[in-house]
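For reference, the chains in residue letters:
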Amino acid sequence: MDNCIFCDRSKISEDILYESPNFFVKVGFALYSAGQVMLIPKKHYDCFGDLPDELEGEKQKLEDILMKEISRKFSEPFQVEMGKWGQSVKHAHTHFVPLVNRSSGNSYQIKRIIQEMVVLGGGEKIDYEEVSVSALKKIYHEEGGYVSIKQSGRLYVCHVKDIPLDPINLHPQLTLRGFFSKVKGISGVTSWREMSQEDKLIDNEKREQTKSKLFF
Ligand SMILES: [Zn+2]
């Protein structure tokens, strides 16, 4: 697709850590923790709800590799996808984020992300359920969008069709940036587009640590 940064891999090649036939793994900007990456299909799909079933096996293998490597080198990660709701790049991508970060100034710990982000995050009640991948796809096709969260192999979908996206307040229950900045109090991560020089320096350290350790 034209003007899609994830479709033009030549422009982001320095941030690509791993490739398989149909997917790649990329480090982003304004990271909450070192060890945080995105899993992205090479072909343009609006979200993973649109991923053809024949690519699910390859995706699962990469999820397993990322789980193992991030756990070994940082901490066990959880996954979040803004499934065509609140994505800043409108090309399918799932975030893998370590549950624990012990670096000074940025430290946080999460036990159950669904509980802390969606249930206790503040604001209105969010309807969510544990689902299979095929049920997630059905919900996407019926409702047009979702937020999905996965931890320890358990996949959840939040129903967002009646929730207007408010990028200014960042929905602390449903967006990673809102959760980490407002609930977890991590500074410098509200936007990857507008960062101060100091935030960029801190972010660069996290990005470099991710790149140097997650080479597999
Ligand atoms: Zn794209």
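Located above this text is the structure these notes cover.
Okay, so let's go over this structure. (Residues numbered from 1 in each chain as written. Predicted model: local features only at pLDDT ≥ 70, side-chain atom pairs only at ≥ 80, totals over all residues. Heavy atoms only, no water.)

## Looking at the sheet that holds strand E4 (residues 77-83)
Okay, step 1: Read across the sheet, eight strands follow the order E1-E2-E3-E5-E4-E9-E10-E8 without closing on themselves; strand pairing throughout is antiparallel. At either end of the open sheet lies a strand with only one pairing partner, and these are strand E1 (16-19) and strand E8 (128-130). Mean inter-strand twist for the sheet, computed between neighbouring axes without regard to direction, equals 20°.
Okay, step 2: Bridging between E1 and strand E2 (residues 23-26) involves three bridges; their strand directions are antiparallel. Bridge pairing links Glu19 to Phe24 in E2.
Okay, step 3: On top of the sheet, helix H3 (residues 133-143) reaches E8, strand E9 (146-151) and strand E10 (154-158); it is set at about 10° to E10, its chief contact. (Pairing = 2+ DSSP bridges. Helix = DSSP H or I, 4+ residues; strand = E, 2+ residues; numbered from the N terminus. Axes fitted to C-alpha atoms, helices over the stretch in contact; angles between N-to-C directions. Contact = heavy atoms within 4.5 Å.)

## A few points about the pairing of strand E5 (residues 94-98)
Okay, step 1: Most of E5 sits out of view: five of its five residues are buried.
Okay, step 2: With burial as the criterion, each face of E5 is covered, one bearing Thr94, Phe96 and Pro98 and the other bearing His95 and Val97.
Okay, step 3: Note: strand E3 (residues 37-41) against E5, three bridges, orientation antiparallel. Pairing of Leu39 across the sheet is with Thr94, part of E5.
Okay, step 4: Direction of pairing for E4 relative to E5: antiparallel, over a ladder of four bridges. Opposite Val80, over in E5, you have His95 as the bridge partner. (Buried < 20%, exposed > 50% of the residue type's maximum accessible area, 1.4 Å probe, protein only.)

## A few points about the environment of Leu62
Okay, step 1: Mapped onto the fold, Leu62 is located in helix H1 (residues 56-73).
Okay, step 2: For Leu62, a relative accessible area of 4% corresponds to the buried category.
Okay, step 3: Each C-alpha atom, one on Leu62 and one on Lys213, is 17 Å from the other, the two residues being 151 residues apart in sequence.
Okay, step 4: Excluding its chain neighbours within four sequence positions, the residues that come into contact with Leu62 are Tyr18, Ser20, Phe23 and Leu39.

## Considering the pattern of salt bridges
Okay, step 1: According to the stated counting rule, one finds 16 salt bridges in the structure shown.
Okay, step 2: Residue Glu69 is joined to Arg72 by a salt bridge in which the shortest nitrogen-to-oxygen separation is 3.4 Å. You can see Glu69 and its partner Arg72 sitting in helix H1, three residues apart, about one turn around the helix.
Okay, step 3: Lys184 is paired through a salt bridge with Glu116; the nearest N and O atoms lie 3.0 Å apart. (Salt bridge = Lys/Arg side-chain N within 4 Å of Asp/Glu carboxyl O.)

Read these as layout, nothing more, since geometry by itself doesn't imply function.
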